[in-house]
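# A structural walkthrough
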Amino acid sequence: MVGPGLTVGGWFAGAVIANFVAKVRSIMEDHHALQAEAGDMMYSVEAALPRIKILVEVTERRAISNGSFAAWLQQFKDVVSEAEDLLDDFETKRIQEKLLRKGSKVGSAASFALKYVRNLLLSDTDLQRLKDVLKKLNKIISEIGGTGFHSMLDLADAEEGVTMRILPPTRPVVIGRDEEKQQLLSMMFPAAPPPRDGAESSKQFSVIPVVGAAGVGKTTLAQVIYNDPNVKEAFALRGWVLASRRSRNSGDFAKDIIDSFGTEQQDNLQTMPGPSECDLLSAIENKRFFLVLDDVQVNLHEMWASLRSALPGAANGSVVLLTTRSEEVANSFGTTAHVTLEQLPFPVLCRVFEHHAFGKKKNASLELIGKKIVQNLHGLPLLAEAIGRLLRQKLDEGHWQKISRSHWWHFAEDDDSQNVALPSVAIMCEYLSDHLRKCLCYCSIFPSGYLFEKNMLIHMWIASFMQQHDGIGMEEKEKEWFDELSNRSFFQPTIWKNKYVIPDIIREPIYSIAQKECHAATDSGEPKRSLQLYRHLAIDIPDLNVHLDLGKANKLRTILFFDGRKTIKPHEALANILSHPSALRVLDFSYYEAKLGKAHDFINKFHHLRFLDLSFTEITVLPDSICKLHLLQVLGLRGCQFKELPRAMNELISLRFLYAEARTVSLIYKIGQLTNLQGLEEFPIGKTEGHKITELKDLNEVSGRLCICNLEEVTCTDIEGGEPELFRKRHLKKLVLKWGSAAGTSTIASDGCMRTLAGLKPNANLEELRIQCYMGVGFPAWMADEQYFTKLQHIHLIECEQLITLPPLGQLPSLVILVLQGLSVVEKIGSEFYGTNYRVFPSLEELKFLDMPNWREWSDIEELQDSRALPFPHLRKVQIRNCKVLSGMPLCCLQASLEELDLSGCNEIFACKPSSLEGLKCLLCLKIHHCLGRIYLPCDLLGSLEVLNLQTCKVYFHGGRGQIIKLRRILTSDCHELNLDEFKAIRKEQLVLEVLLSKGVHYLPSCFVNNWNSEASIS
């Protein structure tokens, strides 16, 4: 226990009260008796509102270490919660009355607009509840006049500058671990086969552990290795598994591994039904893989023993890198050699701290104070990063001295938690604004190793305690808050986009601080507590049939279910736990491991619900009563298999985010009535009324990404007049337009596709466009409208098998990435592709042509020097794969700025100009696979190259010697004659050579490369 816990929940109090007062004022205009009885109280509360906001903010900040005002603050928040419940009840009644008047078109239901309040038919009970809340508020506010409260208000004036500047984003950085990094790479890529007493290995794979205490940087180092460009080149499959996440059996563990490989490769590995060891064997067969098992604990060893039998099917040289806090765990994997990360020495830790505290600027006076602070950080780079970033917000000597002298640095000496991060985390929390602290403490109830999805967590925050705040742009504001917490190092980024973890060394102190309102009920053996006083609860127990005392008058706003795998009768258990109606806003079953099959009617008791996630519960039936959750804003149905949905799902008119597969979305009748929808990832078009493309017309709040599929079902009548009106969806950033296999290849079908696409012009704010399986022979004019699409950065044209001519995409001013794949009838690309503008592809950085079997000619730009600016001025990467008859590349694309060139399966690309790559000066990575004919590479090219990957090709180096200063890896396979005598002089540690043969990887010292069984020479 760390002293008085932090009572979270004050930031939004001012917004709730302001809303409440506004409602009362409006209602009084129609209820004069109420005005006579409660008018003075309302004006008193309204007048005190500015002081309330200030007082709650300061009291919250001081509650971490000073409990003097905790009782007043808790009492105040209880009344605020009561006021919030009352406002929700009024809003529910308003929506119900509106649905009863359904003769008019269903409209927006999210607004608390005052014009609707006057029309409510309020009962005497409603009015009495309103008066009671007003009385309680007035009583609490009357206590503000005391001496103690005046001192808190004075303190607020003194702390006016506590809000500090926004920090720049943080990225994984490794300081002081060069030796350990090189040790790891040497074990992964040995110059000779590893000795028998080295890392545990078989003919195919080796296991390399990284061992160290929490916070020393094991995961960060593993991320740096994982993202190393040479590692990316050397392995066909890369995967990352958070081993601390609970897996029920080896099948679950195998699925995690398959999913990680599938996510990295962007293929369909993750969709395998019922994954098992056999599926894993199939996924990695004859492939070289790199797998990271992060934060391995004791419970993983038995599952690993079962799974390792599937791994020998992989190609030689595969690597499993595991991170663990326990040397015993590392040894249990059969390893005798591992990399140990110790706490950083004081001088090195100071470098880490100064990197995050100062950036590139130095401050001599602050450096001395900083070194004093670093002495309290126990050699842990995670704490040095976190405290450094806190101090960076205010490079002021007084601020730094205040933190240096904090009493928290002495607190760990008397604390029995043994968590060395407690002082650092407590200080960091003291300097958080109230709303950030509230959001952070909410996260402490999630289990160790939980992978936070940024958007879902933000939905939970909003549903739990942000409802009465100004709703306009609330998601964007919350994203800023999340980013700020991440930039302060509370959240650590993972290899997955928008997914984060909170390290246990940070999470545990936060849980101690937040314990007044946030609790995780586990089977850890700790004394049972009454749960009715908590506001946010996670239940992480194998058997939910145990008694949990929630009480009838509980204050719960959040219940998250985890585990439950030993629950024999899950419906009975849940019915007991959720037996009493409460003010629940968030209810999440998505990590509940006892499968439900059916969602029972008890969910309808929680009519305040804003967030309901039933994903992955194997529910097949939803009760009709779910349609009465009129305040529901987020609904998760991922992984559920429904045959039908309730007919009245379109009455969930507050719904803003729907997480469900296309099959589930297709079952919602007249989804177009859900006009508040912002998140709808996929919209499948049907043939019947209520499921056609016309349902999109009024969904103008849709934002982020939208995939419209089954476009072959669109008829001329549906599209005429621009019925979908995509141009009105101004918040849409990514659009996928997808036809199915039934689109057909006839002229009629092609004309239909072209008419459909012509009527689907998106909004001008679009940033990414993907068109898939389109069967038209050309594109509409809007595709390359440079005046309209000024923000369009990504275009993907996939499997457009009837397309003959490309649009002039070179005109688009902001296009950064262009992918053309499966355009099987395109034969020529030239001026029609570049356009007629002065500038051609002015922003393009990546260009990919994939699987274009009939593409023969790629023309250069005519009159390049006379009338146009330099084309492709920012091009960095070109990839051409499986374009077997392409006879060359134009000079305009082989710019000096090019850094990466990947040519594979292009038989004729060097036929006309074997030395076409001579002009490249900045190339870092060159891959040439399965290309026929002689290929001449200048030795000057080796001066910039870091990776050279040659397979099944004849390569001749010419024009110089000793140009391999940066070259780190040569990967070759089936080359005919490789005489690289000049390489003999290069020191062994400068060059690691890998000969990738069909039977695996052979490791050779660099001094013996002249005897390779291959064909190339240096002249």
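It should be noted that the structure appears before, not after, this text.
Residues numbered from 1 in each chain as written. Predicted model: local features only at pLDDT ≥ 70, side-chain atom pairs only at ≥ 80, totals over all residues. Heavy atoms only, no water.

Time to look at the pattern of salt bridges. Going through the model one piece at a time under the given rule, you end up with 31 salt bridges. As a salt-bridge pair, aspartate 504 and arginine 325 come within 3.1 Å of each other at their nearest N and O atoms. Here arginine 325 lies in the loop between strand 5 (318-324) and helix 13 (327-332) and aspartate 504 lies in helix 23 (residues 504-513), a separation of 179 residues in the sequence. Here aspartate 504 falls in the buried class, since its relative accessible area comes to 9%. According to the relative accessible area criterion, arginine 325 is partly exposed, its value standing at 40%. Connected via shared salt-bridge partners are Glu84, Asp85, Asp88, Arg557, Arg585 and Arg610. (Salt bridge = Lys/Arg side-chain N within 4 Å of Asp/Glu carboxyl O. Helix = DSSP H or I, 4+ residues; strand = E, 2+ residues; numbered from the N terminus. Buried < 20%, exposed > 50% of the residue type's maximum accessible area, 1.4 Å probe, protein only.)

As a further point, take helix 7 (residues 178-188). Because an α-helix completes one turn every 3.6 residues, residues spaced three or four positions apart along the sequence face the same direction. Looking at helix 7, one finds that the buried residues are Glu180, Leu184, Leu185 and Met188. Buried residues of helix 7, seen end-on, are gathered within an arc of 135 degrees and therefore sit on one face of the element. Exposed positions of helix 7 whose direction lies more than 90 degrees from the buried face are Asp178 and Glu179. (Arc of directions from axis to C-beta.)

Where burial is concerned, most of strand 28 (residues 900-904) is hidden: four out of the five residues are buried. The pairing of strand 27 (residues 877-881) with strand 28 spans five bridges and is parallel. Within strand 28, the residue paired with glutamine 879 across the bridge is aspartate 902. (Pairing = 2+ DSSP bridges.)

The subject of this paragraph is helix 5 (residues 124-142). Spanning 19 residues, helix 5 covers 27 Å between terminal C-alpha atoms, matching the ideal 27 Å at 1.5 Å per step. Residues Asp126, Leu127, Leu130, Lys131, Val133, Leu134, Leu137, Ile140 and Ile141 constitute the buried set of helix 5. (Expected span 1.5 Å × (residues − 1).)

Moving on: the packing of helix 20 (residues 434-442) against helix 22 (residues 474-487). At a minimum axis distance of 10 Å, the contact between helix 20 and helix 22 shows a crossing angle of 75 degrees. Between helix 20 and helix 22, the interaxial angle falls into the category roughly perpendicular. Listed contacts from helix 22 to His435, Leu436, Cys439 and Leu440 of helix 20 are Glu478, Trp481, Glu484 and Leu485. For the contact of helix 20 with helix 22, a count of residues per class yields five nonpolar, one polar and two charged. (Axes fitted to C-alpha atoms, helices over the stretch in contact; angles between N-to-C directions. Parallel < 35°, antiparallel > 145°, perpendicular 65-115°, else oblique. Contact = heavy atoms within 4.5 Å. Nonpolar A, V, L, I, M, F, W, Y, C, P; charged D, E, K, R; others polar.)

Applying the stated criterion across every chain, the model contains 34 aromatic pairs. Relative to phenylalanine 452, the ring of phenylalanine 446 lies with its centre 4.9 Å away and its plane at 65 degrees, an arrangement referred to as edge-to-face. Pairing phenylalanine 589 with tyrosine 592 gives two aromatic rings, centres 6.4 Å apart and planes at 65 degrees, and the pair type is edge-to-face. Take phenylalanine 589 and tyrosine 592: they sit in the same class, and that class is buried. Ring pairing ties together the aromatic residues Tyr442, Phe446, Tyr450, Phe452, Trp461, Phe482, Phe491, Tyr500, Phe562 and Tyr591, which thus form one cluster. (Phe/Tyr/Trp six-rings, centres within 6.5 Å; stacked < 30°, edge-to-face > 60°.)

Overall, antiparallel pairing links the three strands, which are arranged 7-9-8 in an open sheet. Unpaired on one side and paired on the other, strand 7 (452-453) and strand 8 (492-493) mark the two borders of the sheet. One ladder, built from two bridges, connects strand 7 with strand 9 (residues 499-501); its direction is antiparallel. Looking at strand 9, one finds that phenylalanine 452 is bridged to tyrosine 500.

This next bit is on the packing of helix 14 (residues 346-358) against helix 15 (residues 364-374). Between helix 14 and helix 15, the shortest axis-to-axis distance is 10 Å and the interhelical angle comes to 125 degrees. Between helix 14 and helix 15, the crossing angle belongs to the class labelled oblique. By crossing handedness, the relation of helix 14 to helix 15 is classed as right-handed. Contacts between helix 14 and helix 15 pair Phe346, Leu349, Cys350, Phe353, Glu354 and Phe358 from the former with Leu366, Glu367, Gly370, Lys371 and Val374 from the latter. (Left-handed = near helix turned anticlockwise from the far one by under 90°.)

This part covers the side chain of arginine 656. Tracing the sequence through the fold places arginine 656 in the loop between strand 15 (634-636) and strand 16 (657-659). Looking at arginine 656, the relative accessible area reads 11%, which means it is buried. Each residue touching arginine 656, except ones within four places of it in the same chain, is listed here: Glu475, Gln633, Asn676, Leu677, Gln678 and Gly679.

So, on to empty space enclosed by the protein. This model, assessed by the stated rule, comprises 13 cavities of 30 Å³ or more. Considered as a void within the structure, the largest cavity measures approximately 740 Å³ in volume. Along the walls of the largest cavity sit 41 residues, with Thr219, Thr220, Leu382, Gln492 and Pro503 positioned nearest its centre. Within the residue set of the lining of the largest cavity, elements represented by two or more residues are helix 8 (218-226), strand 3 (237-242), strand 4 (289-296), helix 14, helix 16 (381-392), strand 8 and helix 23. In terms of residue count, the dominant contributor to the lining of the largest cavity is helix 8 (five residues). Looking at the lining of the largest cavity residue by residue, the class counts come to 20 nonpolar, 13 polar and eight charged. (1 Å grid on protein atoms, 1.4 Å probe; cavity = no way out; pocket = protein on both sides within 12 Å on 5 of 7 lines; lining within 4 Å. Points joined across faces, edges and corners; volume = space filled by probe spheres on them.)

Attention shifts here to the sheet that holds strand 14 (residues 611-613). Pairing is parallel across the open sheet formed by eight strands, whose spatial order is 10-11-12-13-14-15-16-17. Whereas interior strands pair on both sides, the edge strands pair on one side only; in this sheet they are strand 10 (518-522) and strand 17 (679-680).

This part takes up the nonpolar core. In terms of nonpolar packing, the biggest core is built from 138 residues, with Phe561, Leu612, Leu658, Leu797, Phe849, Trp858 and Ile880 touching the most fellow members. For isoleucine 880, the contacting residues outside a window of four places in its chain are Phe849, Trp855, Trp858, Leu886, Met889, Asp902, Leu903, Ser904, Cys906 and Ile909. Ranked by size, the runner-up nonpolar core spans 102 residues in total, among them Val339, Val352, Ile387 and Met428. (Core = buried A, V, L, I, M, F, W, Y, C linked by side-chain atoms within 4.5 Å.)

On to the side chain of histidine 691. By the element assignment, histidine 691 lies in the loop between strand 18 (682-684) and strand 19 (704-709). In terms of polar contacts, histidine 691 uses its side chain to reach the backbone carbonyl oxygen of serine 666, at 3.0 Å. Contacts of histidine 691, omitting those with residues within four sequence positions, involve Ser666, Leu667, Ile668, Tyr669, Phe683, Pro684, Ile685 and Gly686. (Polar contact = N/O pair within 3.5 Å; in protein donor to acceptor, adjacent residues only side chain to side chain.)

A word on a positive patch on the surface. Taken together, the side chains of Lys497, Arg705, Lys734 and Lys738 define a basic patch exposed on the protein surface. Mapped onto the elements of the fold, arginine 705 is located in strand 19. (Patch = residues over 30% accessible without salt bridge, like charges linked within 9 Å, V, L, I, M, F, W, Y side chains within 5 Å. Areas by Shrake-Rupley, 256 points an atom, 1.4 Å probe, with all protein chains shown as cover. Lys, Arg positive; Asp, Glu negative; His and termini not counted. Charge placed at Lys NZ, Arg CZ, Asp CG, Glu CD.)

Among the structural elements, isoleucine 568 can be located in the loop between strand 12 (558-563) and helix 24 (570-577). Each C-alpha atom of the pair isoleucine 568 and alanine 594 lies 8.2 Å from the other, and the pair is 26 residues apart in sequence.

Everything listed here is a matter of geometry and, on its own, says nothing about what the molecule does.
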